[in-house]
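Observations on chain architecture
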Amino acid sequence: VQLGESGGGLVQAGGSLRLSCSASGRTFSRNTMAWFLQAPGKERVFVAAIRMCGGSAAQSDSLEGRFTISRDNAKNTVYLQMNSLKPEDTAVYYCAANSEGIMYLSPHYDYWGQGIQVTVSS
């Protein structure tokens, strides 16, 4: 399974970005895909996850509804729409996949993308 993130960059506070994660490889090994973020010097933190079959999703309560995860099975792609961005959202965002289901801790994910930088300026 290979994962590749795109769509990051620099945005002003209050702005929006949409991250994409394209997946390839064994479908059953990536039936759940997720986004995590890792700020400098901090642990990798769960953002959101979605089941590719059925579309059930979960997201971190700390996001206050600002981020939305979605999927396009035909494109093998998962998206993270990020609105009302804040400087504290600045981090490297990682796409991850597993066959277990929606899990909130990073060790439960078997496959990871390289990560993509999101920087929110004040």
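None of the values given here were measured: they were computed from a predicted structure.

A short note on the state of the cysteines
Overall, the coordinates contain one disulfide when judged by the stated rule. A sulfur-sulfur separation of 2.0 Å characterises the disulfide bridge that pairs C21 with C95. The sign of the S-S torsion, about -80°, decides the handedness of the disulfide formed by C21 and C95: left-handed. Of this pair, C21 sits in strand 3 (residues 17-24) while C95 sits in strand 9 (residues 91-98), and the two are 74 residues apart along the sequence. On the basis of relative accessible area, C21 is assigned to the buried category, the value being 0%.

Observations regarding the pattern of salt bridges
Considering all chains together, one arrives at two salt bridges under this definition. Linking K86 and E64 is a salt bridge whose minimum nitrogen-to-oxygen distance equals 3.1 Å. Note that K86 is positioned in the loop between strand 8 (77-82) and strand 9 and E64 in the loop between strand 6 (57-59) and strand 7 (67-72), a separation of 22 residues in sequence. R66 is paired through a salt bridge with D89; the nearest N and O atoms lie 2.7 Å apart. Remark: D89 occurs in the loop between strand 8 and strand 9 and R66 occurs in the loop between strand 6 and strand 7; sequence separation between them is 23 residues. D89 matches R66 in its accessibility class, with the two residues each being buried.

Observations concerning the packing of aromatic side chains
Within the structure shown, the criterion is met by six aromatic pairs. Consider the rings of F36 and F46, whose centres lie 5.7 Å apart with planes at 80°: the pair is edge-to-face. Note that F36 is positioned in strand 4 (residues 32-38) and F46 in strand 5 (residues 44-51), a separation of ten residues in sequence. In this structure F36 comes out as buried when scored by relative accessible area, which is 0%. The structure contains a cluster of three or more aromatic residues connected by ring pairs, namely F36, F46, Y94, Y104, Y109 and W112. The positively charged end of R18 is found above the aromatic ring belonging to Y79, 4.2 Å away from the centroid. Over the face of the ring belonging to Y94 we find R44, whose NZ or CZ atom lies 3.6 Å from the ring centre.

Rules behind the numbers
- Residues numbered from 1 in each chain as written.
- Predicted model: local features only at pLDDT ≥ 70, side-chain atom pairs only at ≥ 80, totals over all residues.
- Heavy atoms only, no water.
- Disulfide = S-S within 2.5 Å.
- Helix = DSSP H or I, 4+ residues; strand = E, 2+ residues; numbered from the N terminus.
- Buried < 20%, exposed > 50% of the residue type's maximum accessible area, 1.4 Å probe, protein only.
- Salt bridge = Lys/Arg side-chain N within 4 Å of Asp/Glu carboxyl O.
- Phe/Tyr/Trp six-rings, centres within 6.5 Å; stacked < 30°, edge-to-face > 60°.
- Lys NZ or Arg CZ within 6 Å of the ring centre and 35° of its normal.

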